[in-house]
Amino acid sequence: DIQMTQSPSSVSASVGDRVTITCRASQGISNWLAWYQQKPGKAPKLLIYAASSLQSGVPSRFSGSGSGTDFTLTISSLQPEDFATYYCQQTNSFPHTFGGGTEVEIK
Amino acid sequence: EVQLVDSGGVVVQPGGSLRLSCAATGFTFDDYAMQWVRQAPGKGLEWVSLIRWDGGATYYADSVKGRFTISRDNSKNSLYLQMNSLRPEDTALYYCGKDSGRRRYNYGIDYWGQGTLVTVSS
């Protein structure tokens, strides 16, 4: 199975900051990576698919990049509603494993 | 409007069985793969299982293989998860999810149910 490692596990940031989250796959997954945002008590929300494609309705301050084994999610200017936990998921091969999550906290 | 409604979660004893259901509306159900994802209390997301749009292929996490069975009834726009030989570590909120790519597996989950809680405890 492919292991997905996210870093950092948590980050403290202020409104307006640029935030970058990294996801590393234990083997190459081409560009088959998705990013999700989850707020407490809510189901996850798809932000990015195929590593860099923005899901419909998601603000353009979210962007994704990478291919192979190394990927990043960037929030260009953090907004109050962006404080949440973010997960990556590889969709290259089964099982479609998730990363451990990154909590974005208010500084 | 796409809607997924999960149901069936209860408290069950270790070794017991349970069937979860997910009722789907608002899209052409038999054009999309469907899946189950779970989240233990206070923990991260764990992918559980996926079934192809026509039911012709199924995939499982190692942690549930041989114990859980995913199925679908396209005539009823419904997804199911039969859970046998339940263990305390299966305790989690179970979400059903719709794959975002039509007749694809790779585009992530764009719609999620509200989740149904399964508690395995004596």
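Our subject in this report is the structure included herewith.

Reading guide: rules and limits
Residues numbered from 1 in each chain as written. Chains lettered and ligands numbered in written order. Predicted model: local features only at pLDDT ≥ 70, side-chain atom pairs only at ≥ 80, totals over all residues. Heavy atoms only, no water. Disulfide = S-S within 2.5 Å. Helix = DSSP H or I, 4+ residues; strand = E, 2+ residues; numbered from the N terminus. Buried < 20%, exposed > 50% of the residue type's maximum accessible area, 1.4 Å probe, protein only. Pairing = 2+ DSSP bridges. Axes fitted to C-alpha atoms, helices over the stretch in contact; angles between N-to-C directions.

Re the state of the cysteines
- According to the stated counting rule, one finds 2 disulfides over all chains in the structure shown.
- The residue that forms a disulfide with A:Cys23 is A:Cys88, at a sulfur-sulfur distance of 2.0 Å. Measuring handedness by torsion sign, the sulfur bridge of A:Cys23 and A:Cys88 sits at about 65 degrees and is right-handed. Linking A:Cys23 in strand β3 (residues 19–25) with A:Cys88 in strand β9 (residues 85–90), this pair joins segments that are 65 residues apart in sequence. Of the two residues, A:Cys23 and A:Cys88, neither departs from the other in class, the shared state being buried.
- Covalently, B:Cys22 is tied to B:Cys96 through a disulfide, its sulfur atoms 2.1 Å apart. Looking down the S-S bond of the B:Cys22 and B:Cys96 bridge, the torsion is 50 degrees, so its handedness is right-handed. Taken together, the residues span a long stretch of sequence, with B:Cys22 in strand β3 (residues 18–25) and B:Cys96 in strand β9 (residues 92–99) at a distance of 74 residues.
- A relative accessible area of 0% places B:Cys96 in the buried class.

Observations concerning the sheet that holds strand β7 (residues 68–73) of chain B
Residue and element names in this part refer to chain B.
- Strand order in the open sheet formed by 4 strands is β1-β3-β8-β7, and the pairing between neighbours is antiparallel. What marks the edges here is a single partner per strand, and that holds for β1 (3–7) and β7. The sheet shows a mean angle of 15 degrees between the axes of neighbouring strands, direction not considered.
- As paired elements, β7 and strand β8 (residues 78–83) share 6 bridges and run antiparallel to each other. Among the inter-strand pairings, Asp 73 is bridged to a residue of β8, identified as Ser 78.

Section: unusual backbone geometry
All names here are of chain A.
- At the junction of Ser 7 and Pro 8, the peptide bond is cis and its omega measures out at -10 degrees in the coordinates.
- Note on placement: Pro 8 falls in the loop between β1 (4–7) and β2 (10–13).
- The omega torsion of the bond from Phe 94 to Pro 95 falls at 0 degrees, within 30 degrees of zero and hence cis.
- Turning to its location among the elements, Pro 95 is positioned in the loop between β9 and β10 (102–106).
- Despite not being glycine, Ser 30 has its phi angle at roughly 55 degrees, a positive value.

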